[in-house]
Amino acid sequence: FKMVTAIGGLEEGIITPDTLILDTGVYRYYDDYQPACWDYRQYGRTHGNQNVTQAILNSCNVFFYDVGRQLGIEGLGEYAAAFGLGEKTGLEIYEEAGAMDSPEYTASLGQTWYEGSVTSVAIGQESTQVTPIQLTNYISTLVNGGTRYSTHLLKMVKSSDFSQVVYEYEPQVQDEINIAQENLEAVTEGMRELTTGDGSLASAFRN
């Protein structure tokens, strides 16, 4: 979900690809809710100053807490919906829609929404629920430049003797996200670095 927050922050002018946010370990914007970065919780250290590419590479929670707070829950919801999170993907079989957390959704669960809840939503937590196929579609939308297609299983239908194509699936565009090229590159570069070199997922992608 952090890439949704990143794209939203970049496209709305909250940050640029060069903006640096200091990882203080604990995000102290709120008096009564001060979430910590995973690196601080586990190892007692911080990531220091991070731009958006570095924040994706390091999965720096404090960076995304700050951007998500400024973007707000409505902005996060808008960009999540554009990427198809919390919505059905168009699959030909039954699928769950999931849900994007918000004050209204939290209330529908009989729970309380707090001002600081937006920071957890910004990193994909709270009551947000997405399916694996939504995540796959969200990433493919991001890496292809912002065109979100309906997800499908059916490629074609042939006659019983396989001699003729009776039906062939045509790609269906569900949404177009206009992402500035420099913003897209800043985000996808962080994703690439995460899976190469010293990135924490590099070993899984090496072969």
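The structure contained in this document is the topic of the report that follows. Model, not experiment: these values are computed from the prediction. (Residues numbered from 1 in each chain as written. Predicted model: local features only at pLDDT ≥ 70, side-chain atom pairs only at ≥ 80, totals over all residues. Heavy atoms only, no water.)

## Regarding the pattern of salt bridges
Convention followed: Every case where a carboxyl oxygen of Asp or Glu lies within 4 Å of a side-chain nitrogen of Lys or Arg is listed as a salt bridge. For helices the rule is a DSSP run of H or I covering at least 4 residues; for strands it is a run of E covering at least 2, with both sets numbered from the N terminus onward. Think of it in three bands: with a 1.4 Å probe and only protein chains considered, a residue is buried below 20% of the maximum accessible area for its type, exposed above 50%, and partly exposed in between.
Under the criterion given, the structure shown has 5 salt bridges. When the shortest N-O distance is used, the salt bridge between E87 and R148 registers 3.9 Å. With E87 in the loop between α4 (61-82) and α5 (103-108) and R148 in strand β3 (residues 147-149), the pair connects residues that are 61 residues apart, well separated along the chain. Residue E87 is classed as partly exposed on the basis of its relative accessible area of 31%. Residue class for R148 comes out buried when judged on its relative accessible area of 5%. Each of E87, R148 and D175 takes part in salt bridges that share partners, so that together they form one network.

## Here's the deal with the nonpolar core
The criterion, for reference: Residues grouped as a nonpolar core are buried Ala, Val, Leu, Ile, Met, Phe, Trp, Tyr and Cys residues, joined through side-chain atoms within 4.5 Å. By definition in these notes, contact holds between two residues if any of their heavy atoms fall within 4.5 Å.
Counting residues in each nonpolar core, the largest one holds 41 residues, and the members touching the most others are F63, L76 and V187. At 11 residues, the largest contribution of residues to this core is made by α4. Once you skip the residues sitting within four places of it in the chain, V187 turns out to touch M3, A6, I7, L10, I56 and L142.

## Side note on unusual backbone geometry
Backbone geometry at S59 places phi at a positive 50 degrees, although glycine is not the residue there. Classification of S59 as partly exposed rests on a relative accessible area of 28%. Phi is positive for E126, which is not a glycine, with a value near 65 degrees. Residue position: E126 is located in the loop between α6 (117-121) and α7 (132-143).

## Re the layout of surface pockets
Quick reminder of the rule: For cavity detection a 1 Å grid was placed over the protein atoms alone, and a set of points counts as a cavity when a 1.4 Å probe fits there but cannot get out; an open set counts as a pocket when protein lies on both sides within 12 Å along at least five of seven lines, with lining residues being those that have an atom within 4 Å of a point. Grid points are joined across faces, edges and corners, and a volume is the space filled by probe spheres set on the points. For this scheme, ten residues count as nonpolar: Ala, Val, Leu, Ile, Met, Phe, Trp, Tyr, Cys and Pro. Four count as charged, namely Asp, Glu, Lys and Arg, and the remainder, Gly too, count as polar.
Put simply, the largest pocket is a space of about 180 Å³. By residue number, the principal contributor to the lining of the largest pocket is helix α3 (residues 52-58), which donates 3 residues. Per-class residue counts for the lining of the largest pocket are 6 nonpolar, 3 polar and 1 charged.

## Observations concerning the environment of A202
Looking at the element boundaries, A202 is found in helix α9 (residues 202-205). A C-alpha to C-alpha distance of 9.4 Å links A202 and R192, two positions 10 residues apart in sequence. Ignoring sequence-local partners within four residues, the contact set of A202 consists of L194, T195, T196 and G197.

## A few points about the packing of aromatic side chains
The line we're drawing: Two rings belonging to Phe, Tyr or Trp (six-membered ring only in the last case) form a pair when the distance between their centres is within 6.5 Å. Interplanar angles under 30 degrees mark stacking, angles over 60 mark edge-to-face geometry, and anything in between is tilted.
Per the stated rule, a full pass over the model turns up 6 aromatic pairs. Ring geometry for Y27 versus Y65: centroids 5.9 Å apart, planes at 45 degrees, classification tilted. With Y27 in the loop between β1 (21-23) and α2 (38-43) and Y65 in helix α4, this residue pair connects regions lying 38 residues apart in the sequence. Like Y65, Y27 is buried. Between W38 and Y43 the ring centres are 6.4 Å apart and the planes differ by 80 degrees, which places this aromatic pair in the edge-to-face class.

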